[in-house]
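The lines below spell out each chain.
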Amino acid sequence: MTRRHRSGIAAALFGVAALLLLPACAEDGSITARDHRLLADDIAALAPQRPDQVDLYVVGFAGDSTENVFRNEVTYLDALMSKRFDSQGRVVTLVNHLDSLTTAPRPLATLENLRIALAGVGRVMDRDEDVLLLYLTLHGTEEHELAVQLPPVLEQWITPRELRKALDDAGIRNRVVAISACYSGGFIPALRDPHALVVTAARGDRASFGCGSESDATYFGRAWLVDGLNRSTSFIDAYGIAASEISQWEHEDGETPSLPQLDAGEAITHRLQLWRSQLAPGPVVPYPYDVDAEDVVDAGPQEPVVRSETSP
C-alpha cells in the first residue's frame, strides 16, 4: 500500500469519525460557537505582560486533521516554548485533529480563529515591546496558499495577503512567523517587514518533506523546532542548524532540495537580541513522539496539495 493510499484511508476514517461526532459537538451550539468559547477561555488565561521584560507570546496553528504530524508539532511547540523559552501561560494552540473534538478540546485551526487568537494575544501583550511567534504547520500549494483541512466539515485556503492582514489587524509589531509547508517561501514577500522574521520550510517554488501518515515530524519541524531550538535560543541560528540538517537528509534521499528560507528585518533582529539577553532558557525538551533523525529521513516527501476546481 502506498503512502498516498494510506493517507487517503486516514482521511476517510477521520471523515466518518467527524460526522459521528458533529452532533455531540453541536449539542449546545455550533462548532464555531464552541471554538469561540474555547478561545475566550484561552485568551482570558494568558499571562500578562511583565514590565521591563520582553515577553514571548506564541500561537501554534496545525492546519491538517488527517495527519498526526501537524498536531504533534503544535503540541510540542507548546511544551518547548513553555518549558525552555519562558512562555508558560503565553501559548495559544489551534489544532485541526480528531483530538480537538474529543479527548483534548482545542479551538480548530481556521482563518477566523487565527484572527481571534492573534487579536486576543495582541490585547494582552505589549505590542511594541513583546514578541509574537506564530508557527504554522500544514500543506501548501504551488499557488502559495495554505491548505486548512478538517474533512468533511472544513476546507479553506489562506493566502499570503490574508495572513499578513490577520497580523496587521491584531496590531502586533514584533513578529516571528515560521511556516512548515510546501512552497511556503512564497509567503515571504507579503510578510516582509522591518519588525518581522520569517522562516519557511521551502523556497517559493519547492516542495518540503517529512509529512505523511507514518511520520512523526516534518523535516522542518524536526530540524528547526526539535533540533535547532534545543541547541540554540536564537530563531536565526536554529534556522542555520535546520537548513544544514534538511539539506543532508534530502541529499541522502535523492530529493530535490527544498531550500528553506529566512528573511529578517533589522528591527526584529535587535528586538530578539534584547529578548535573548533577558532569557534564562530551560533545559532541552525531548520530542515525545519517538522520532529521531533516521525516522525523519525515512518519512518520505511531503506531497503538495493540489487545489480542486470546486474549492471555495
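Residues numbered from 1 in each chain as written. Predicted model: local features only at pLDDT ≥ 70, side-chain atom pairs only at ≥ 80, totals over all residues. Heavy atoms only, no water.

*Asks:* Residues and numbers for the sheet that holds strand E7 (residues 174-180), please.
*Replies:* The strand order across the open sheet formed by six strands is E2-E1-E3-E7-E8-E9, and the pairing between neighbours is mixed. With one partner strand each, in any of the chains shown, strand E2 (91-95) and strand E9 (261-264) form the two edges of the open sheet. Averaged over all pairs of adjacent strands, the angle between strand axes in this sheet comes to 10°, irrespective of strand direction. Where strand E3 (residues 131-137) lies against E7, seven bridges are found, and the strand directions are parallel. The residue of E7 that forms the bridge with leucine 132 is arginine 175. (Pairing = 2+ DSSP bridges. Helix = DSSP H or I, 4+ residues; strand = E, 2+ residues; numbered from the N terminus. Axes fitted to C-alpha atoms, helices over the stretch in contact; angles between N-to-C directions.)

*Asks:* Can you break down the pairing of strand E5 (residues 146-150) residue by residue, with the values?
*Replies:* Most of E5 sits out of view: four of its five residues are buried. Alignment of strand E4 (residues 139-140) against E5, held across two bridges, turns out to be antiparallel. The residue bridging glycine 140 from the neighbouring strand is leucine 146, located in E5. Hairpin geometry of E4 and E5 is characterised by an intervening segment of five residues between the two adjacent antiparallel strands and by a positive phi of about 65° at histidine 144. Bridge count for E5 against strand E6 (residues 154-158) is five bridges, and the pairing is antiparallel. By the bridge assignment, leucine 150 is partnered in E6 with leucine 154. (Buried < 20%, exposed > 50% of the residue type's maximum accessible area, 1.4 Å probe, protein only.)

*Asks:* Go over helix H10 (residues 266-278), please, and point to the residues and values.
*Replies:* A rise of 1.5 Å per residue sets the reference length of H10, with its 13 residues, at 18 Å; its end C-alpha atoms lie 19 Å apart and thus fit the reference within 8%. Among all positions in H10, only Ile268, Arg271, Leu272 and Trp275 are buried. Buried residues of H10 fall within an arc of 100° about the axis and therefore sit on the same side. Opposite the packed face of H10, turned more than 90 degrees from it, sit the exposed residues Glu266 and Ser277. (Expected span 1.5 Å × (residues − 1). Arc of directions from axis to C-beta.)

*Asks:* Could you give an account of the sheet that holds E4, naming the residues involved and the relevant values?
*Replies:* What the three strands build is an open sheet, ordered E4-E5-E6; its pairing is antiparallel. Because the sheet does not close on itself, it has two edges, and the strands there are E4 and E6.

*Asks:* Give a description of the layout of surface pockets that names residues and reports values.
*Replies:* If you add up the space inside the second largest pocket, you get close to 190 Å³. Taken together, Ile31, Thr32, Asp35, His36, Leu108, Thr110, Glu112, Asn113, Val153, Leu154 and Gln156 form the lining of the second largest pocket. Of all the elements in the fold, those that place two or more residues in the lining of the second largest pocket are helix H2 (31-44), helix H5 (111-124) and E6. Take the lining of the second largest pocket: its biggest share by element is four residues, from H2. (1 Å grid on protein atoms, 1.4 Å probe; cavity = no way out; pocket = protein on both sides within 12 Å on 5 of 7 lines; lining within 4 Å. Points joined across faces, edges and corners; volume = space filled by probe spheres on them.)

*Asks:* Please set out unusual backbone geometry residue by residue, giving values where relevant.
*Replies:* Residue proline 152 is bonded to the preceding proline 151 through a cis peptide linkage, with omega at 5°. Within the secondary structure layout, proline 152 lies in the loop between E5 and E6. Within the chain, aspartate 86 stands out as a residue other than glycine whose phi angle is a positive 60°. Following the sequence through the fold, aspartate 86 ends up in the loop between helix H3 (68-83) and E2. Overall, the relative accessible area of 34% leaves aspartate 86 in the partly exposed class. The backbone of histidine 144 sits at a positive phi, close to 65°, despite the residue not being glycine.

*Asks:* Before we move on, can you summarise the packing of H5 against helix H6 (residues 160-170) with the specific residues and values?
*Replies:* In the contact formed by H5 and H6, the axes pass within 8 Å of each other and the chain directions differ by 30°. One element, H5, and the other, H6, form an angle in the roughly parallel class. For H5 against H6, the interelement crossing comes out right-handed. In this structure, H5 uses Leu111, Leu114, Arg115, Leu118, Ala119 and Gly122 to contact H6, whose residues at the interface are Glu162, Leu163, Ala166, Leu167 and Ala170. Residue composition of the contact of H5 with H6, grouped by class: eight nonpolar, one polar and two charged. (Parallel < 35°, antiparallel > 145°, perpendicular 65-115°, else oblique. Left-handed = near helix turned anticlockwise from the far one by under 90°. Contact = heavy atoms within 4.5 Å. Nonpolar A, V, L, I, M, F, W, Y, C, P; charged D, E, K, R; others polar.)

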